[in-house]
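Descriptive structure summary
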Amino acid sequence: MAEKEVVETSEAQIAVHWAEEGYYYPSPQFIAQANMTDPAVYDRFSLDNFPNCFKEYADLLTWYEYWDEILDTSDAPCFKWFKGGKINASYNCVDRHLADKKNKTALHFVPELEEEKIEHITYQELYVRVNEMAALLRDFAGLKRGDRVTLHLPMVPELPITMLACARLGVIHSQVFGGFSGKAAADRIVDSGSRVLITMDSYYRGGGLLDHKEKAEIAVAQAAKDGQAVDKVLVWQRYPGKASSPTPMVDGRDYFVNDLLKDYYGVRVEPEKMNAEDPLFLMYTSGTTGKPKGCQHGTGGFLAYVTGTSKYVQDIHPEDVYWCMADIGWITGHSYIVYGPLALGASSVIYEGIPTYPDAGRCWRIAQDLDVNIFHTAPTAIRALRKVGPDEPAKYNYHFKHMTTVGEPIEPAVWKWYHKEVGKGEAIIVDTWWQTETGGFLCSTLPAIKPMKPGSAGPGMPGIHPIIFDDEGKELPAGAGIAGNICIQNPWPGMFQTIWGDRQRFVDTYFARYCKDPNSKDWRDWPYLTGDAAVHGPDGYYRILGRIDDVINVSGHRLGTKELESAAMTVPEVAEAAVVPVADDIKGKVPDMYIALKPGFEASEEMTKKIMTAMITEIGPIAKPRKIWIVPDMPKTRSGKIMRRVLAAISNKQDVGDVMTLANPEIVEHIQGMASK
Ligand code: WT7
């Protein structure tokens, strides 16, 4: 089945439709200091000036050799940006700041335990630590340009240090979200062909020190079974010199990084002069099949795009204190905690723990203590913070000039609380819509130029030209008032280059649907299918409604329903599994799981627990369904297809519609009866 096929459970169908909101305007103080105040930027980045407009972003970087071709489309839709250019991302994020910022904080690390001191890592120190780690990776682990390495690290400074060390060598890093299970890490180790795994022994989460090393054991064992040998596991210690994990080290395979580093003190590693189009990293994300996709991001294009958008949308100046609360294990952290802010010489905050630990005021104390003035988070966190402490922000003396929301649609009521209480009515908000695949923002307001509108992401970014097609491929113009499939007409530098090792899936998933000519070398023939439904307002602002495919956005994290279903299917008693999205006050969407057991097995509490455990071990705690319903049978069409639409309606307490054409209509009432209890 091609992935472009629209499935019956469309999130857009159950998406809430909010009333049109009025505009909010930036303050004169904000405009006076903003990096981008010239409305002509939209003309400079018009389609007529594409692709040369992106020179403006490339020129924010330091190149060893300047590129000679801005966009090479000869292998469309695998586009190459800034061809002929030579560049190193680590150099751009670290070395080039030493001349005027060596004594400035690059990373503020805030441990979860409040009694632990905040660590302030200067650019000079970052330079030293990145170089020593690069030397270790090269000389001890034998890693070289083009190799892939899997990182499974929590939110600690060792994560960006490791990423930048890889980038220095031209080693392609693939960071797996720390909350994912060992098995999930194994799948990514195998797919990327990594023979080195870099992890940490433990980290703090919700007040407890978690054993993280145990996941490495599972990952390495599973990867070996699946044909990928990991010969070295490099383990950072949460507390150098101290054992914080009960999981034993394996002789000749596992090494403590901080012990090894002693051999590399003072070593400096010349950055590799990478081709602009060489891959910088892989970031796995969920699709409509069970197998996660390794989104391959390039070096020059990605770095140019995240640097430009960090400067003009995040409005980061070197003197700002910028805190993006996302996890670096997701694309937001790669683009907007590490690469974009550091390329601009900013001070970026890394917080280890959960936003509400030990209480509802934690985030605002961090903001106050570090004097954070740019804040970046997701609707799910905003909703949670509002729920536990609606009046907390006012108790702390911090002032944000700028705030971001990202990851899922934000309800106007939540937006307004964010603006009034968190932003104290002073901060501007950007609602940035984008994806793992896109590397950086697709739609957002430029904060000093365009007013905000709660519930709308805003217009396309400069140089990003969205278009909405209906299912027949007809364009839905601005003001049409109908939702359609939002695509991007043109390539852009931050766009991923391909799916690692699977070009065909890349083409099928993102381009086949609206491609005008599969042999074309002209970018105009390759609109990019985002997989979201959207409406285009008469004012040119886009309102994003949600996914059109089998992807559920839980707390701004993408989970493929097939991925969840396959995890449940690892329980031998399970015959069939179907996952549907349910609206949730805090998390946006949560999965409900319907299970049919094999003949001879009965529903029981143990069975439910067994399936729940499988979700955690196969994927991680974020994959836990809200509810597991063990049903006698699934509602099915006469051809035997599970009707997820009907299950979704039941879970969301909506009308199931006409079910008389099903093969087993009576089951619907039965399941409704179960669900109403
Ligand atoms: C999906 C991408 C972007 C980095 C974090 C998530 C949804 C993202 C918004 C927004 C409405 C949004 C879309 C998109 N999404 N930002 N501002 N408003 N929806 O990256 O895990 O690749 O998920 O998140 O549905 O397709 P991701």
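As shown above, the structure is provided for reference.
Starting afresh in each chain, residues are numbered from 1 along the sequence in its written order. Totals for whole chains, interfaces and linings use every residue, but because this is a predicted model, local features are given only for residues with pLDDT of at least 70 and side-chain atom pairs only at 80 or more, for both listing and counting. As a rule here, side-chain values cover all heavy atoms of the structure and leave hydrogens and water aside.

The next thing to look at is the sheet that holds strand β22 (residues 484–488). Strand order in the open sheet formed by 4 strands is β21-β22-β24-β25, with antiparallel pairing between adjacent strands. Each edge of the sheet is formed by a strand with only one pairing partner; in this case those strands are β21 (466–469) and β25 (542–547). Direction aside, neighbouring strands of the sheet carry axes that sit 45° apart on average. For two strands to pair, DSSP has to find at least two bridges joining them. Each helix is a run of DSSP H or I of at least 4 residues and each strand a run of E of at least 2, with the numbering of both proceeding from the N terminus. Across 4 bridges, the pairing between β21 and β22 is antiparallel. Within β22, the position partnered with Ile-468 by the bridge is Ile-486. Interaxial angles span 0 to 180 degrees and are taken between N-to-C directions of axes, which are lines fitted to C-alpha atoms, for helices over the stretch in contact.

Before going further, it helps to spend a moment on the site of the ligand. One heavy atom suffices: a residue is near a molecule or strand as soon as one of its heavy atoms comes within 4 Å of it. Not every one of the 18 residues close to the ligand is listed here, only the nearest: Asp-431, Thr-432, Thr-436, Asp-532 and Arg-547. Polar contacts, as counted here, are pairs of nitrogen or oxygen atoms within 3.5 Å of one another; within protein the pair requires one atom able to donate a hydrogen and one able to accept it, and residues that are adjacent in sequence qualify only if both atoms are side-chain atoms. Interatomic distance of 2.6 Å between a side-chain N/O atom of Asp-532 and an oxygen atom of the ligand. One nitrogen or oxygen atom from the side chain of Asn-553 is found 3.1 Å from an oxygen atom belonging to the ligand. Its free accessible area being 550 Å², the ligand has 96% of it covered by the protein chains. Methods summary: accessible areas were calculated by the Shrake-Rupley approach with a probe of 1.4 Å, and residue burial reflects only the protein chains presented.

Right, let's get into the packing of aromatic side chains. Two rings from Phe, Tyr or Trp (for Trp, the six-membered ring) form a pair when their centres sit within 6.5 Å of each other. Planes less than 30 degrees apart are called stacked, planes more than 60 degrees apart edge-to-face, and all others tilted. One pass over the full model with this rule turns up 46 aromatic pairs. With centroids separated by 5.7 Å and ring planes inclined at 55°, the aromatic side chains of Trp-81 and Phe-82 adopt a geometry described as tilted. Of the two residues examined, Trp-81 and Phe-82, each falls in the buried class. Considering the side-chain rings of Trp-492 and Tyr-528, the 5.6 Å spacing of their centres and the 75° angle between planes classify their relative orientation as edge-to-face. Of this pair, Trp-492 sits in the loop between β22 and β23 (498–499) while Tyr-528 sits in strand β24 (residues 528–536), and the two are 36 residues apart along the sequence. In terms of burial, Trp-492 and Tyr-528 fall into one category: buried. An aromatic cluster is defined as three or more aromatic residues linked by ring pairs; in this entry it consists of Phe-45, Phe-50, Phe-54, Tyr-57, Trp-63, Tyr-66, Trp-67, Trp-81, Phe-82, Tyr-305, Tyr-312 and Trp-523. In this structure, Arg-238 packs its charged tip against the face of Tyr-239, placed 4.7 Å from the ring centre. Per-residue accessibility, obtained with a 1.4 Å probe over protein chains only, is compared with the maximum for each type, and a residue is labelled buried under 20%, exposed over 50%, and partly exposed between these values. We count a charge as sitting over a ring when the NZ of a lysine or the CZ of an arginine lies within 6 Å of the ring centre and within 35 degrees of the ring normal.

Turning our eyes to something else, we now look at the environment of Leu-71. Inspection of the secondary structure assignment puts Leu-71 in strand β1 (residues 69–72). Note: C-alpha distance between Leu-71 and Leu-164 (93 residues apart in sequence) is 26 Å. Any two residues having at least one pair of non-hydrogen atoms within 4.5 Å are treated as being in contact. Those residues in contact with Leu-71 that lie beyond four places of it in its chain are Phe-50, Pro-51, Phe-79, Lys-80, Trp-81, Pro-491 and Trp-523.

What follows is about the pattern of salt bridges. When a carboxyl oxygen of Asp or Glu lies within 4 Å of a side-chain nitrogen of Lys or Arg, that pair is called a salt bridge. Taken as a whole and judged by the stated rule, the model has 46 salt bridges. Between Glu-21 and Lys-416 there is a salt bridge, with the nearest N and O atoms lying 2.8 Å from each other. You can see Glu-21 sitting in the loop between α1 (11–14) and α2 (28–33) and its partner Lys-416 sitting in helix α16 (residues 412–422), a full 395 residues away along the chain. Assessed through its relative accessible area of 32%, Lys-416 is described here as partly exposed. One salt bridge connects Asp-59 with Lys-55, and the closest N-O pair in it is separated by 2.6 Å. Asp-59 sits in the partly exposed class, given a relative accessible area of 39%.

A few words on the packing of helix α8 (residues 158–169) against helix α13 (residues 331–343). Two elements in contact, α8 and α13, have axes whose closest approach is 12 Å; the angle formed by their N-to-C orientations is 60°. With respect to each other, α8 and α13 are oriented oblique. In the packing of α8 onto α13, the handedness of the crossing is right-handed. Between α8 and α13, the contacting residues are Pro-160, Met-163, Leu-164 and Ala-167 on the first element and His-334, Val-338, Tyr-339 and Leu-342 on the second. When the residues that make up the contact of α8 with α13 are grouped by side-chain class, the tally is 7 nonpolar, 1 polar and no charged. Between 65 and 115 degrees an angle is taken as roughly perpendicular, under 35 as roughly parallel, over 145 as roughly antiparallel, and anywhere else as oblique. Crossings are classed by handedness, with left-handed meaning an anticlockwise turn of the near helix from the far one by less than a right angle and right-handed meaning a clockwise turn. Basically, the charged four are Asp, Glu, Lys and Arg, the nonpolar ten are Ala, Val, Leu, Ile, Met, Phe, Trp, Tyr, Cys and Pro, and anything else, Gly included, counts as polar.

What follows covers the pairing of β25. Burial analysis of β25 places 6 of its 6 residues in the buried class, which makes it a mostly covered element. Where β24 lies against β25, 5 bridges are found, and the strand directions are antiparallel. Residue pairing in the sheet places Asp-532 in a bridge with Arg-547 of β25. Between β24 and β25, which follow one another and run antiparallel, lie 5 residues, and Gly-540 among them has a positive phi close to 90°.

Nothing here speaks to function; it is all geometry.
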